[in-house]
Amino acid sequence: MNLELFITKRLITGKEDKISISAPIIKIAIAAIAIGVVMMLIALATGVGLKRKIREKVAAFNGHIQISNYDNNISEVSLSPIPLQQDFYPEFKNVEGVRHVQAVATKGGIIRTEDTFEGMLAKGVGKDYDWSVFAEYIVDGRLPNFTEKLNEEALVSRTMANRLQLKVGDSFFSFFLKDGDANQVPNNRKFKVVGIYDSGFEEFDATYVFVDIRHIQRMNKWDEDQVGNFEVFLDDFDQLEEKSNEIYGKTVSNLDTQNIKSKYYRIFEWIGLFDFNIALIIGIMVIVGGINMITALLVLILERTQMIGILKALGTANWSIRKVFLYNAAYLITIGLLWGNVIGLGVLFLQNKYRMFKFPNPEEYYIDYIPVYLDAPMVLLLNLGVMALCLLMLLVPSYIITKITPVKAIKFE
């Protein structure tokens, strides 16, 4: 029989504890742990959720890695074509962890209606384009179909549709310069709006219009097997830098490789600050919970001074007695963790399903609702970390037990 666990069990199940002086203090300590866990879960889930959602939106428009011609420099417009026949297309067999490769081309132009006009960046996509990452942003109509004959279908953003007063089913004319020469008559194309999207990313929504890539090829006088650049999607975003270097080494020397972290470094520097905020909140909550548990432990020791004296008189070692109180504290922390997880995960589940809480200024966060993301290993690691840190904080105050002498403790009233 484990003596420490036996004594701890008797202390926990004893009826006298429920009417003791320490009872309300213990309840406060448990509540502090529970509230702290709720706050930590919310901070972790919303911080990680927002990071993932912003990353997904940037990748939806650019892929994780872009392979382009060096002649394009940093231009958003495809200036120099790339042959479609590449070792890495349509499957990147030389690099593991690549989920999808798609060919695209972009061309700057102007949309003209009867009342107004807007500049835009026509993004030409083909039958290999992965619309699955874009489907959730559709707010009206449908996704265009570019798998058959060349057509006039186009996907525009809600921002652009509102500015141009367009709706699904409307047609519009667009004008594109010929090879950047303003003196020549521009190319004229008519498109029909079949879908309207809203990603919440104003920088992209105010710019991109999705059309058939064959329009871009014809206006640029490219062959059917020439494209502007390739977009590469990875299985694991955390391997972005590693895979960027690996892909760069696997492509021919006249092709450049750029990932979205380097292309949109300001955005990723900003969301990188989320990690610091999450760590700060978790640290504060652990300290608050630990201090409350220290208070509860000291009260328990004070209340059980006579018991400590008797155990010492019977020859029980100091560490054995300290373990009794540490086991008791671990039980209280577990109760707090249990309630905290039930409440915290419940709130996060409801938010994920019903999106009850919204951002007051969605344009600053590129999304109108507060996204959440949690997985089982993340929750388990958080709980184990809280338990371990709180118990480490309790080792020092439990040392007071070694200073209690049996004679004075037994006489203690």
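If you're wondering where the values come from, they're calculated on a predicted model, not measured in any experiment.

The helix and strand inventory of the protein chain stands at 13 helices and 12 strands. Taking the principal axes of the C-alpha coordinates as reference, the protein chain spans close to 105 × 45 × 30 Å. The buried share among the 413 residues of the protein chain stands at 48%. Considering only contacts in the protein chain between residues 6 or more positions apart, those separated by 24 or more positions represent 77%.

The UniProt feature table records "transmembrane region" (unreviewed entry) at residues 25-50, 326-350 and 378-401. Here residues 25-50 runs as 100% helix and 0% strand, with 37 Å between its end C-alpha atoms.

A separate point is a nonpolar patch on the surface. Taken together, Leu 338, Trp 339, Val 342, Ile 343, Val 347, Phe 349, Leu 350, Tyr 354, Met 356 and Phe 357 make up a surface patch of nonpolar side chains, about 1,000 Å² in accessible area. With respect to the helices and strands, Phe 349 occurs in helix H10 (residues 318-354).

For the rest of this paragraph, the subject is the environment of Phe 6. For Phe 6, the location among the structural elements is in helix H1 (residues 3-13). For Phe 6, a relative accessible area of 38% puts it in the partly exposed group. C-alpha separation for the pair Phe 6 and Val 324, spaced 318 residues apart in sequence, amounts to 8.8 Å.

A separate point is the UniProt feature "domain: ABC3 transporter permease C-terminal" (unreviewed entry) in the protein chain. The feature "domain: ABC3 transporter permease C-terminal" (unreviewed entry), as annotated in UniProt, sits at residues 280-406 in this numbering. In residues 280-406, helix accounts for 77% and strand for 0%; the two terminal C-alpha atoms are 43 Å from one another.

Inspection of the secondary structure puts Asp 170 in the loop between helix H3 (158-164) and strand S7 (171-176). Here Lys 167 takes part through its backbone nitrogen, which lies 3.0 Å from a polar atom of the side chain of Asp 170. Apart from residues no more than four positions distant in its own chain, Asp 170 is found in contact with Gln 165, Phe 191, Lys 192 and Val 193.

Enumeration according to the criterion identifies 27 aromatic pairs in this entry. Between Phe 61 and Tyr 197, the ring centres sit 6.0 Å apart and the planes meet at 55 degrees, which makes this aromatic pair tilted. Of this pair, Phe 61 sits in helix H2 (residues 22-62) while Tyr 197 sits in strand S8 (residues 187-197), and the two are 136 residues apart along the sequence. Residue Phe 61 shares its accessibility class with Tyr 197, and that shared class is buried. Between Phe 88 and Phe 92, the ring centres sit 5.3 Å apart and the planes meet at 20 degrees, which makes this aromatic pair stacked. Side by side, Phe 88 and Phe 92 carry an identical accessibility label, which is buried. Sitting over the face of the ring of Tyr 373, Arg 52 holds its NZ or CZ atom 3.9 Å from the ring centroid. The ring of Tyr 369 has Arg 355 lying over it, and the distance from NZ or CZ to the ring centre is 4.0 Å.

A few words now on helix H12 (residues 376-398). Its 23 residues place the ends of H12 33 Å apart at the C-alpha level, agreeing with the 33 Å of an ideal helix rising 1.5 Å per residue. Inspection of H12 places Met 378, Val 379, Leu 382, Asn 383, Val 386, Met 387, Cys 390, Leu 394, Pro 397 and Ser 398 among the buried residues, and these make up the whole buried set. Capping of H12 at its N-terminal end is provided by Asp 375; its side-chain oxygen lies 3.0 Å from the backbone amide nitrogen of Met 378.

With their axes 11 Å apart at the nearest point, helix H8 (residues 265-303) and H10 run at an angle of 135 degrees to one another. One finds that H8 runs oblique with respect to H10. H10 is crossed by H8, and the crossing has right-handed handedness. Here Met 293, Leu 297, Leu 300 and Ile 301 of H8 lie close against H10, whose contacting residues are Phe 325, Asn 328, Ala 329, Leu 332 and Ile 333. Among the residues forming the contact of H8 with H10, the class breakdown is eight nonpolar, one polar and no charged.

Domain parsing of the protein chain yields domain 1 (3-57 + 268-410) and domain 2 (71-252). Spacing between the C-alpha centres of domain 1 and domain 2 amounts to 50 Å. With eight residues of domain 1 at the interface, the matching set in domain 2 holds eight residues. Note on domain 1 versus domain 2: buried area summed over both sides is about 710 Å², and carbon and sulfur give 59% of it. Of all residues in domain 1, the largest losses of buried area upon contact with domain 2 belong to Arg 55, Lys 57 and Tyr 366, amounting jointly to 69% of the total for that side. Our count for the domain 1 to domain 2 interface comes out at one salt bridge. Between Lys 53 and Glu 136 there is a salt bridge; the shortest N-O distance is 3.5 Å. For the pair domain 1 and domain 2, the number of links is one residue pair in polar contact (both at pLDDT 80 or more). With five residues, the top contributor of residues to the side of domain 1 that touches domain 2 is H2. The class makeup of the residues in the side of domain 1 that touches domain 2 is four nonpolar, no polar and four charged.

Thresholds applied
- Residues numbered from 1 in each chain as written.
- Predicted model: local features only at pLDDT ≥ 70, side-chain atom pairs only at ≥ 80, totals over all residues.
- Heavy atoms only, no water.
- Helix = DSSP H or I, 4+ residues; strand = E, 2+ residues; numbered from the N terminus.
- Buried < 20%, exposed > 50% of the residue type's maximum accessible area, 1.4 Å probe, protein only.
- Contact = heavy atoms within 4.5 Å.
- UniProt positions renumbered as here; feature names shortened; annotations may be inferred.
- Patch = residues over 30% accessible without salt bridge, like charges linked within 9 Å, V, L, I, M, F, W, Y side chains within 5 Å.
- Areas by Shrake-Rupley, 256 points an atom, 1.4 Å probe, with all protein chains shown as cover.
- Salt bridge = Lys/Arg side-chain N within 4 Å of Asp/Glu carboxyl O.
- Polar contact = N/O pair within 3.5 Å; in protein donor to acceptor, adjacent residues only side chain to side chain.
- Phe/Tyr/Trp six-rings, centres within 6.5 Å; stacked < 30°, edge-to-face > 60°.
- Lys NZ or Arg CZ within 6 Å of the ring centre and 35° of its normal.
- Expected span 1.5 Å × (residues − 1).
- Axes fitted to C-alpha atoms, helices over the stretch in contact; angles between N-to-C directions.
- Parallel < 35°, antiparallel > 145°, perpendicular 65-115°, else oblique.
- Left-handed = near helix turned anticlockwise from the far one by under 90°.
- Nonpolar A, V, L, I, M, F, W, Y, C, P; charged D, E, K, R; others polar.
- Domains from an automatic or database assignment.
- Buried area = accessible area lost by both parts, 1.4 Å probe.

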